[in-house]
Number of protein chains: 4
Amino acid sequence: MAGNIFGNLFRVSTFGESHGIALGGVIDGCPAGIKLDFQEIQNELNRRKPGQSSIVTQRNEPDKVNFLSGIIDNETTGTPIGFVIYNKDHKSDDYHHIRDVYRPSHSDLTYELKYGIRDYRGGGRSSARETICRVVAGAIAKQLIKNITITSYVSSVGDISINKSYKELDLSRESIEKNPIRCPDSDTAKKMIYKIKKIKNQGDTIGGTITCVIKNIPIGIGEPVFNKLHAELGKAMLSINAVKGFEYGSGFRGTKLTGSQHNDLFQKNGKTKTNLSGGIQGGISNGMDIYFKIAFKPVATIMKKQRTIDKNGNFILIEGKGRHDPCVLPRAIPIVESMTALVLADYWMYAKLSKYSSIKN
Amino acid sequence: MAGNIFGNLFRVSTFGESHGIALGGVIDGCPAGIKLDFQEIQNELNRRKPGQSSIVTQRNEPDKVNFLSGIIDNETTGTPIGFVIYNKDHKSDDYHHIRDVYRPSHSDLTYELKYGIRDYRGGGRSSARETICRVVAGAIAKQLIKNITITSYVSSVGDISINKSYKELDLSRESIEKNPIRCPDSDTAKKMIYKIKKIKNQGDTIGGTITCVIKNIPIGIGEPVFNKLHAELGKAMLSINAVKGFEYGSGFRGTKLTGSQHNDLFQKNGKTKTNLSGGIQGGISNGMDIYFKIAFKPVATIMKKQRTIDKNGNFILIEGKGRHDPCVLPRAIPIVESMTALVLADYWMYAKLSKYSSIKN
Amino acid sequence: MAGNIFGNLFRVSTFGESHGIALGGVIDGCPAGIKLDFQEIQNELNRRKPGQSSIVTQRNEPDKVNFLSGIIDNETTGTPIGFVIYNKDHKSDDYHHIRDVYRPSHSDLTYELKYGIRDYRGGGRSSARETICRVVAGAIAKQLIKNITITSYVSSVGDISINKSYKELDLSRESIEKNPIRCPDSDTAKKMIYKIKKIKNQGDTIGGTITCVIKNIPIGIGEPVFNKLHAELGKAMLSINAVKGFEYGSGFRGTKLTGSQHNDLFQKNGKTKTNLSGGIQGGISNGMDIYFKIAFKPVATIMKKQRTIDKNGNFILIEGKGRHDPCVLPRAIPIVESMTALVLADYWMYAKLSKYSSIKN
Amino acid sequence: MAGNIFGNLFRVSTFGESHGIALGGVIDGCPAGIKLDFQEIQNELNRRKPGQSSIVTQRNEPDKVNFLSGIIDNETTGTPIGFVIYNKDHKSDDYHHIRDVYRPSHSDLTYELKYGIRDYRGGGRSSARETICRVVAGAIAKQLIKNITITSYVSSVGDISINKSYKELDLSRESIEKNPIRCPDSDTAKKMIYKIKKIKNQGDTIGGTITCVIKNIPIGIGEPVFNKLHAELGKAMLSINAVKGFEYGSGFRGTKLTGSQHNDLFQKNGKTKTNLSGGIQGGISNGMDIYFKIAFKPVATIMKKQRTIDKNGNFILIEGKGRHDPCVLPRAIPIVESMTALVLADYWMYAKLSKYSSIKN
């Protein structure tokens, strides 16, 4: 458990560095008999791909996944699914200048102190490029639990945020994909894009938040005590590069309420009138929508001169080279959804083990 | 992995319901040769205990832990440590009125739908009473990693919050324990206590936040990619009853900053001038302080009449009976610290596996 | 994973030393809704108990298990089942003479070198007394998979063995329990008992084999590649004290056959005419009987003088004191069955995850 | 845990079918700073490769492994090691005749009943071709624990066996590799080879045993209770295709001895005069040689006509086509050693966690 394996029943093991030969992974535990839509898997990869728009990095990676096992005639066979994505456009030269330098708010120095060695090219394993494997696995997980809808969108960039509940928004794929920032509120989207362009021109970067909504989830998914559904979702989100916070349901805002304000009263059908609980009670899905918000810090690589130190402990000025994102949020959307799908697929399989489970194959 | 086991190398497996015969657990993987301070373990339990002050529940549980194995002459032997806490003051009669009723924002209905059966007495397994086992295990974990200091305190109650960084506060045990709300800022503490008493008199409850600070942590603790240190800390915190959110370092506030504002510049000694990163880079401790904040919702059981439904889907009015906390925060302090200690002990052992590890036995 | 946890979905975590306060454990993952027969659990413990007959140790332990959680009205609730067995008849004085001595073919010295400390009383954690927790958990596992029949019997003691296939024997509980050696072949049983009494009178001990047969097992239990059903059964058996070997189906004898002799030809209904495969193909149950044999070495504690060494590396003569088994086989029967049940319960739950699984709740 | 992951700290996850695009895997947890000898890794693969001699299958696979990550300048970086072996010589046409047929003593029917779908080409995932990934991972594990010597050899073929203890044999690599059956006793080797050729000419196959010896192993490797070192070794061996039995130390023969015959008496230096225990006490290595024997059944695919059934339940005659091994034993040698190395590497890392461990990086 050195950290590169996620999930227990639907389990993915990933490998690969930013500028290595390839990235890839193995999915073990995917049930047999799932008909895979490969175009949809590639679509998810394309949503994560660099170079999609003017507000993301202009690197040019085809990001084509090759499946090596576990599938016959587009159908899973129950044996492990091996996959690989070869790196094509790795301009390692862009990184020679940081070989002996530790970039601020990157893990260069930390890796070197832990491992005694570090792949300096593009951050190596610590680069967000590893998330490509999460998207491949997550895209398959989505197809396993295809009745559940997972949607995420950019809810704030810097201090610009949507001031509406997710219920007031059109969360269709078309709505979210219609602008490059992936914000379903057009007016806010425009402001966000303007903001990012401005920040980019300054050689700087900016943070923001993503909101994720899970609809049509069966009752009974989640395992008490330590493996509460929101705890695992929180871990999954916090494992994504640049994430600094996670809240679900009423979140931090809910700390200011009283119990009588916060409690979700039942309707006769067992559903609740309000949903400050965020669709989870006691760590288990209650059938209401699950929603949560994730905080992303600004990208650490900036196109401005910064002072830092080198291997000899001397100060040195560095400046980002190459092609970087001024704001990771739009490209993080499929990553958030993929990690959500991985958690749900895993816990969905656990939920099937209950004698009283409503979940059928 | 039905959810009652935490950790991999330092692993605790817990059991027990709120009004059952006993709660307890097994710690597997605690190294041999740790001299245990039993008084300190009991101190931690006492900090969690009901009835400590007028602002917490007046239940009267001795909460005495019995160790059954794994220890000789106060020293761990490397074999599993079994422990049990017998329930004494379980007034199950206080719960007869909810036998066929689903309390709002409790997991009564969800458990019943998942398991087909539920222990209605005091919430059964979903009660926060299970956290007593976390405190026992966490108190031992603290003694394993005794050079690391873990301190938590109540940083807000409702809309009353400390408006200071943790660095401006006296975080000694004495400072935090000197008032019943466990807030090291005396003026704020008074307002919090006043607020809680007022809320309690109204038969209501209130939420708040806890801040936790880890000092003197070695560099190199945490495992990329999926098991980043803050991801596991987040999961640990979110697994605590009533927690709705987690943020570390700059957290949600950091989303509003630019990269040039957010980056922590190095000093020549490898430490950073600022610490918006919160002591973790790439999921691995970098030697700076780790700090995070946890959001707790208000307790769902209130002493006011609420409408809810019974087994037959009829509306019914209920009102909390028995002895409940108007605010869980002060009693949650040792739980937060215990879960932090469990994560750190587990990851500390992983870190020892590195050839270059600075961590010695 | 320090070694005291078994299983993944049906998972038991155990603790306790031979002469400590208590032994016990936690079962996590047992599904809700299993009606437990407590008398049957106690029956299994009684079969393992010392003092049952003149050919086993005369220690007098009540071996009464107390369940502490996870059960309401005799029915499992899906929450963890905690249990404890207090030690009563621990005459630790019988062990003072070995405090500073390492007994031959015991783990005294090995434990001390690994852990730096050892519980010398009755072997501490390395004593077969820990198997009592396996029997508690196994008895519950048996009730979870109650349509599957698990039967084991003593098939040889020293050089006296049953020269019949299991199919020629009456494997009913009555048949096996009708003599103290638990061998269903009466003539052989008499010879075995005579042999053990003779060995006991000499102050010596003797080894033997146990055969285990699983009938009525559904098709599809077992997971390739590394978790083949027979691999996990082998591990389970080899984890029992004193076990030196494991074979299933044709076993070691099968190595002398040719493919044309060994292959099990199909009948039209998919069953096979012969069953040298032992009911498992590719690591997965094929619906035929599963059978395997386990080798037990002679008990290391003998009532004869042996030369050994003490802490100072001096030679010393020791002689077993107290009450020991001249042959562990009859008391190992319920342990073998319990470990078999634990493996099957765990893998039965995995098998339910397959879309095409014939296994229903 | 669907079965394709082995180990916990040194963990390998494998994928791939016999006639699919590729096989491969991910090693997670290999420490940083191991200088790899790639030639030695390839040597191990070559020892497993088909076509090495006239007594093994004449398939012509280059079996060249490509490493994709986790290594810089021949040194491990602590990040996961991804690897892939592309299939070249897969003559899937050789298998068209079994598409709708279930071969005797193969897992064709069992897989189909479990998964609802099966890759009929060469046995798919159930083919011993998957063991190539075990050899890659095992070869790296060997280099991690390079002071420990793991040697295995063919000790019997059918009824021809070496009648000598391993101590009387020259177990150098040269000695074992000097004949194609990998038996260090030349006279016996000749008889074995003659036997295999005869069997092969008859279109038949034959079983046998492999003995494995571990020398120079530190004291303290192995975890009680369930994860005893020999239990995990047993599981590892039993997970290899065609294995039907495992015994260590005195094994099945030891069941016939008395305690006074079987006990290994100590010498003053803590070593034992005899070693019937097989180098393990209480599940933990005691520093003496570890040795064990593994039973392999005869290969199920024979070049003789056999009656079997097809999908419609009709009888049909089949006969092996293509290129198969008359005896798997010589090619199984590196697989046995690899699985041994994987167990030892994993448990060696666990042993480092003990405060008193003699194991240094």
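Worth saying up front: this structure is predicted, and the values here are computed from it rather than measured.

Reading the values: rules and limits
- Residues numbered from 1 in each chain as written.
- Chains lettered and ligands numbered in written order.
- Predicted model: local features only at pLDDT ≥ 70, side-chain atom pairs only at ≥ 80, totals over all residues.
- Heavy atoms only, no water.
- Helix = DSSP H or I, 4+ residues; strand = E, 2+ residues; numbered from the N terminus.
- Buried < 20%, exposed > 50% of the residue type's maximum accessible area, 1.4 Å probe, protein only.
- Contact = heavy atoms within 4.5 Å.
- Lys, Arg positive; Asp, Glu negative; His and termini not counted.
- Charge placed at Lys NZ, Arg CZ, Asp CG, Glu CD.
- Buried area = accessible area lost by both parts, 1.4 Å probe.
- Salt bridge = Lys/Arg side-chain N within 4 Å of Asp/Glu carboxyl O.
- Nonpolar A, V, L, I, M, F, W, Y, C, P; charged D, E, K, R; others polar.
- Polar contact = N/O pair within 3.5 Å; in protein donor to acceptor, adjacent residues only side chain to side chain.
- Pairing = 2+ DSSP bridges.
- Disulfide = S-S within 2.5 Å.
- Axes fitted to C-alpha atoms, helices over the stretch in contact; angles between N-to-C directions.
- Parallel < 35°, antiparallel > 145°, perpendicular 65-115°, else oblique.
- Least-squares fit on C-alpha atoms with pLDDT ≥ 70 in both.
- Phe/Tyr/Trp six-rings, centres within 6.5 Å; stacked < 30°, edge-to-face > 60°.
- Lys NZ or Arg CZ within 6 Å of the ring centre and 35° of its normal.

Turning next to the overall build of chain A. A count of helices and strands for chain A gives 8 helices and 17 strands. Out of the 361 residues in chain A, the part that is buried amounts to 72%. Long-range contacts, defined here as pairs at least 24 residues apart, represent 70% of the contacts in chain A between residues at least 6 apart. Charged side chains in chain A number 51 positive and 35 negative. The centres of these two groups are separated by 3 Å.

The partner chain C presents 14 residues to the 14 residues of chain A that form the contact. Both faces considered, chain A and chain C share a buried interface measuring about 1300 Å² in area, 62% of it formed by carbon and sulfur atoms. Counting across the interface, chain A meets chain C through 0 salt bridges. Looking at the side of chain A that touches chain C residue by residue, the class counts come to 8 nonpolar, 3 polar and 3 charged.

Attention shifts here to the side chain of A:Thr211. Residue and element names in this part refer to chain A. Counting through the fold element by element, threonine 211 comes out in strand β11 (residues 208–215). In this structure the side chain of threonine 211 is engaged in a polar contact, spanning 2.8 Å, whose partner is the side chain of serine 155. Dropping the residues within four chain positions of it, threonine 211 is found in contact with Thr151, Ser152, Tyr153, Ser155, Phe292 and Lys293.

Moving on, we come to the sheet that holds strand β2 (residues 11–15) of chain D. Residues and elements named next belong to chain D. The antiparallel open sheet is built from 5 strands, whose spatial order is β1-β2-β3-β7-β4. Here the strands that pair on one side only, and so sit at the sheet edges, are β1 (5–6) and β4 (66–67). Relative to strand β3 (residues 22–28), β2 runs antiparallel, the two sharing 5 bridges. The residue of β3 that forms the bridge with arginine 11 is aspartate 28.

Attention now moves to the state of the cysteines. For the coordinates displayed, the defined rule picks out 0 disulfides over all chains. Here A:Cys30 is not disulfide-linked; the sulfur of A:Cys133 is the nearest cysteine sulfur, at 16 Å.

This next bit is on the packing of helix α1 (residues 38–48) of chain B against helix α8 (residues 329–351) of chain B. Residue and element names in this part refer to chain B. Across the interface, α1 lies against α8 with an axial gap of 7 Å and an inter-helix angle of 140°. The angle between the axes of α1 and α8 places the two elements in the oblique class. From α1, Glu44, Arg47 and Arg48 reach across to α8, where they touch Pro330, Arg331, Ile333, Pro334, Ile335 and Glu337. Residues of the contact of α1 with α8, tallied by class, amount to 4 nonpolar, no polar and 5 charged.

What follows covers the relation of the copies chain A and chain C. Of the transformation placing chain A onto chain C, the axial shift is 0.0 Å and the rotation is 180°, giving an RMSD of 0.0 Å. Such a combination of turn and shift is consistent with a two-fold rotation axis. A shared interface surface links the copies, since 100% of the contact residues of chain A are contact residues in chain C too.

Bringing the pairing of strand β16 (residues 306–310) of chain C into the picture now. All names here are of chain C. With 4 of 5 residues buried, β16 lies mostly within the body of the structure. The pairing of strand β8 (residues 101–102) with β16 spans 2 bridges and is antiparallel. Its bridge partner being in β16, valine 101 is matched across the sheet by aspartate 310. Hairpin geometry of β16 and strand β17 (residues 315–318) is characterised by an intervening segment of 4 residues between the two adjacent antiparallel strands and by a positive phi of about 75° at glycine 313.

Facing the 104 residues of chain D at the interface are 104 residues of chain C. Each partner contributes to the roughly 8400 Å² buried at the junction of chain D and chain C, and carbon and sulfur atoms together form 60% of this total. At the surface where chain D touches chain C, the tally comes to 43 residue pairs in polar contact (both at pLDDT 80 or more). Grouping the constituent residues of the side of chain D that touches chain C by class yields 40 nonpolar, 43 polar and 21 charged. Judged from the 3 bridges that link them, strand β12 (residues 243–248) of chain C and strand β12 (residues 243–248) of chain D form a sheet pairing that is antiparallel. In the strand pairing of β12(D), C:Gly245 is matched with D:Glu247.

Centre distance and the angle of the planes are the two values used to describe a pair of aromatic rings. According to the stated counting rule, one finds 30 aromatic pairs over all chains in the structure shown. Between A:Tyr347 and A:Tyr350, the aromatic rings sit 6.2 Å apart at their centres with planes inclined by 75°, giving edge-to-face as the arrangement. On the criterion of helical spacing, the pair formed by A:Tyr347 and A:Tyr350 is a turn pair, its members being 3 residues apart in helix α8 (residues 329–351). With respect to class, A:Tyr347 is no different from A:Tyr350; both count as buried. Measuring from ring centre to ring centre gives 5.3 Å for B:Tyr166 and B:Tyr291, while their planes differ by 40°; the resulting arrangement is tilted. On the criterion of sequence distance, the pair formed by B:Tyr166 in the loop between β10 (160–161) and α4 (173–177) and B:Tyr291 in strand β15 (residues 290–296) is long-range, its members being 125 residues apart. Assessed through its relative accessible area of 7%, B:Tyr166 is described here as buried. Residue B:Tyr291 is classed as buried on the basis of its relative accessible area of 16%. Taken together, the aromatic side chains of A:Phe38, A:Phe67 and A:Phe83 make up a single cluster linked through ring pairs. Against the face of A:Tyr248 rests B:Lys244, its NZ or CZ located 3.9 Å from the ring centre.

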